[in-house]
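Structural overview for review
Next come the chains, spelled out residue by residue.
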Amino acid sequence: MMSRKAPALADFRRIVVKVGSSLLVDASAGRVNEGWLAALADDIAALHGEKRDILVVSSGAIALGRAVLRLPPGPLKLEDSQAAAAVGQIALARTWAEALGRHGITAGQILVTLGDTEERRRYLNARSTIDKLLEWRSVPVINENDTVATNEIRFGDNDRLAARVATMVSADLLVLLSDIDGLYDAPPDGNAGAKLIPLVERVTPEIEAMAGTSGSELSRGGMVTKIEAAKIATTGGIHMVIASGRIEHPLRAIADGATCTWFLTPANPVTARKKWIAGSLEPKGTLVIDAGAVAALRRGTSLLPVGVIKVEGAFTRGDAVIVRGPDGAEIGRGLVAYDAEDAEKIRGKSSADVLLILGIEGRAEMVHRDDLVLGHA
Ligand code: GLU
C-alpha cells in the first residue's frame, strides 16, 4: 500500500479547533491562562484572515465555575458540575469573545446536547445557525450544554463532541489541542522507549489498543476519547490531528511541522459525507425536478424549490429523498430541508414566494448542495 503524507494546515478550508480545560484554565490559580489564549487567538485570527472558516470547541465551563464558586478539589457530583458549568460558561464565553474581539472577530456561543447532534431535525437546525455565523465571518465557540445534560444523554467529553460538530459542519480538519503532543505506541509517562505515531492512516484495533482502556484514560491524556473522535471524524471524511497545546501558538506550530499525530480520512471529505448520504439512509420520498434544475445540479448548485415539479412520499425535514429528472431517471439523493407537506406547498415557487407561503424564513434550498449526491450520468 502506498503510504500517505501528513497534510499541511494550509490545505484546509474549514477547521474545528478543540481546546481542553487543562490548557485554558489554570486550575491552581483559578483563572484563564490569558497569555496562552491570546497567542492561540493570534493563530486563529491568522487563519481566519486567510479566508478559512474556524470553529472553536472549548471546554472549561466546569473548571472555571469551580474556580469562581471556590469549590473544593476532587470529583464533582453530576448536579454540582451542572451548576458549576452554569456559572463557568458565562466566564468562558466572555473570555473567548474578548480574545477574538481583540482581532475584530465576533464570537458566537453555541451550546449543544447529544440530542442536538443525534436527531436529524435538530442537527439541521444547529447546522443552519452555525452556517449563518460562518457566513457572517464569526467564529462559533461551542461547548456541551452541561447544565441540562444528564449522565445517560451527554457526551461528557469535548473530543467526541468536537468530532460530531466537525461532521455536522462538513469541516475538513479537526484539531485536538491536548496536553500531550500525539498518540504514543505505549504509555509515554516514565517510558523513554515510547514512540509517537506521526501518521495513522486507519484506526485499527492495534491503534485503539495503544490508547488503552478508559480505566487508564487519565494517565494517557484522555487518549480513549481522542481515538473515538478520530473514528467519528475520519469516517465522516475529516482529517484529524492531535497536537500539543502546551506551547504558545499551537496552531502555528502545526503549520510549521511540529510533532503531532495525524489521522487521515480514507476519502476526500465531500466524497465520504456524500457516501454517507447516498449509502446509509433509506430514502423516504422523491422529488421530481425539471430539466433546468437537472442542469443546475450538475453544475454544482443546490436544489431550489422553483425547480421541483413533483413531491412524492411522506418525509420530514432531514430525511433522505431520491431526486429524479423529468423523465423519471434518478439524478441523485439528498437530505431534504422541508417536510413533505411544506415541500408540496412551495414546489415550483421562487425563493421570495417561499417566505410568503410558509410565513417563516426557511432555508432557500429544498436540498442543500452539501446534502446532495449526484449519480453518475
Ligand atoms: N464540557 C465540559 C466543560 O466545559 C468539558 C468536557 C471536556 O473537558 O471534555 O467544562
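Scroll up a little and you will see the structure.
Everything in this summary refers to the structure shown in the same document. Computed from a predicted structure; not experimentally measured.

Quick notes on the rules
- In every chain, residue numbers begin from 1 and rise along the written sequence.
- For this predicted model, a pLDDT threshold of at least 70 governs which residues receive local features, and a threshold of 80 or more governs which side-chain atom pairs are given and counted, while totals over whole chains, interfaces and linings are taken from all residues.
- The side-chain values count all of the structure's non-hydrogen atoms but skip hydrogen atoms and water molecules.
- Categorising residues by exposure relies on relative accessible area from a 1.4 Å probe, with only protein chains included: less than 20% of the type maximum marks a residue as buried, more than 50% marks it as exposed, and the intermediate range marks it as partly exposed.
- The secondary structure listing takes helices from DSSP runs of H or I that are at least 4 residues long and strands from runs of E that are at least 2 residues long, numbered from the N terminus.
- Strands are labelled as partners when DSSP assigns at least two bridges between them.
- Only buried Ala, Val, Leu, Ile, Met, Phe, Trp, Tyr and Cys residues count toward a nonpolar core, and they belong to the same one when joined by side-chain atoms within 4.5 Å.
- Between two residues, a contact is recorded if the distance between any of their heavy atoms is within 4.5 Å.
- Note on geometry: axes are lines fitted to C-alpha atoms, helical ones only across the stretch in contact, with angles between N-to-C directions running from 0 to 180 degrees.
- An angle below 35 degrees is treated as roughly parallel, one above 145 as roughly antiparallel, one from 65 to 115 as roughly perpendicular, and anything else as oblique.
- What makes a residue near a molecule or strand is one non-hydrogen atom of that residue sitting within 4 Å of it.
- Residues adjacent in sequence count toward polar contacts only when both atoms are side-chain atoms; beyond that, a polar contact is any pair of N or O atoms within 3.5 Å, and within protein one must be able to donate a hydrogen and the other to accept it.
- Calculation of accessible area relied on Shrake-Rupley with a 1.4 Å probe; when residues are assessed, cover is drawn exclusively from the protein chains displayed.
- Put simply, a salt bridge is a Lys or Arg side-chain nitrogen that is within 4 Å of an Asp or Glu carboxyl oxygen.

**Quick look at the pairing of strand S10 (residues 260–263)**
What you see with S10 is no split at all: Cys260 and Trp262 on one side and Thr261 and Phe263 on the other are buried throughout. Here two bridges tie strand S8 (residues 199–200) to S10, and the two strands are oriented parallel to one another. Among the inter-strand pairings, Leu199 is bridged to a residue of S10, identified as Trp262. The pairing of strand S9 (residues 239–244) with S10 spans four bridges and is antiparallel. Note that in S10 the partner of Val241 across the bridge is Trp262.

**A word on the nonpolar core**
Of all hydrophobic cores here, the largest spans 45 residues; its most connected members are Leu174, Leu183, Met240 and Phe263. Put simply, the parts of the chain that give this core at least two residues each are strand S4 (53–58), strand S5 (107–112), helix H6 (120–135), helix H7 (158–168), strand S7 (173–178), helix H8 (205–210), helix H9 (223–235) and S9. The residues touching Met240, leaving out its near neighbours within four places in the chain, are Leu173, Leu174, Leu176, Lys226, Ala229, Ala230, Ala233, Thr261, Trp262 and Phe263. Of all hydrophobic cores here, the second largest spans 39 residues; its members include Leu24, Trp36, Ile44 and Leu64.

**Overview of the packing of helix H3 (residues 61–69) against helix H4 (residues 78–101)**
Look at H3 against H4: their axes get within 6 Å of each other, and the N-to-C directions meet at 95°. With respect to their mutual orientation, H3 and H4 come out roughly perpendicular. Contacts from Ala61, Ile62, Leu64, Gly65, Arg66, Val68 and Leu69 of H3 reach H4 at Ser81, Ala83, Ala84, Ala85, Val87, Gly88, Gln89, Ala91 and Leu92.

**Considering the site of the ligand**
Neighbouring the ligand are the residues Ser21, Ser59, Gly60, Ala61, Ile62, Asn143, Asp146, Gly156, Asp157 and Asn158. Ala61 is positioned with one of its backbone polar atoms (N or O) 3.0 Å from an oxygen atom of the ligand. Take Asn143: an N or O atom from its side chain is 2.8 Å from an oxygen atom of the ligand. Alone, the ligand offers 290 Å² of accessible surface; in the complex the protein occludes 85% of this.

**Brief notes about the environment of Ile227**
By secondary structure assignment, the location of Ile227 is in helix H9. Along the sequence, Ile227 and Val288 sit 61 residues apart, while their C-alpha atoms lie 42 Å from each other.

**Here's the deal with the sheet that holds strand S1 (residues 14–19)**
Taken together, eight strands build an open sheet; the order of strands is S5-S6-S4-S1-S7-S9-S10-S8 and the sheet is mixed. Of all the strands in the sheet, the pair left with one neighbour each is S5 and S8. Pairing geometry for S7 and S9, over six bridges, is parallel. Bridge pairing in S9 places Val175 opposite Val241. Here H4 sits on the sheet and contacts S1, S4, S5 and strand S6 (139–144); the angle it forms with S5, its principal contact strand, is near 150°.

**Details of the sheet that holds strand S11 (residues 285–289)**
Read from one edge of the open sheet, five strands run S12-S11-S13-S14-S15, paired in mixed fashion. Two strands close off the open sheet at either side, each with one partner strand: strand S12 (308–313) and strand S15 (372–374). Recorded for the sheet is a direction-independent mean angle of 20° between the axes of neighbouring strands.

**A word on the pattern of salt bridges**
Note on pairing: side chains with opposite charge can pair once their charged atoms come close. Going through the model one piece at a time under the given rule, you end up with 17 salt bridges. Of the charged contacts, one joins Lys231 and Glu228 as a salt bridge, the two residues approaching to 3.4 Å between their closest N and O atoms. With a gap of three residues between them, Lys231 and Glu228 both fall in helix H9, about one helical turn apart. Owing to a relative accessible area of 27%, Lys231 belongs among the partly exposed residues under this scheme. The partner of Arg347 in a salt bridge is Glu344, and the shortest N-O contact between them spans 3.1 Å. Given a relative accessible area of 30%, Arg347 falls into the partly exposed group. Here the residues in one salt-bridge network are Arg14, Asp53, Asp131 and Arg137, joined through shared partners.

These figures come from the coordinates and say nothing about function on their own.
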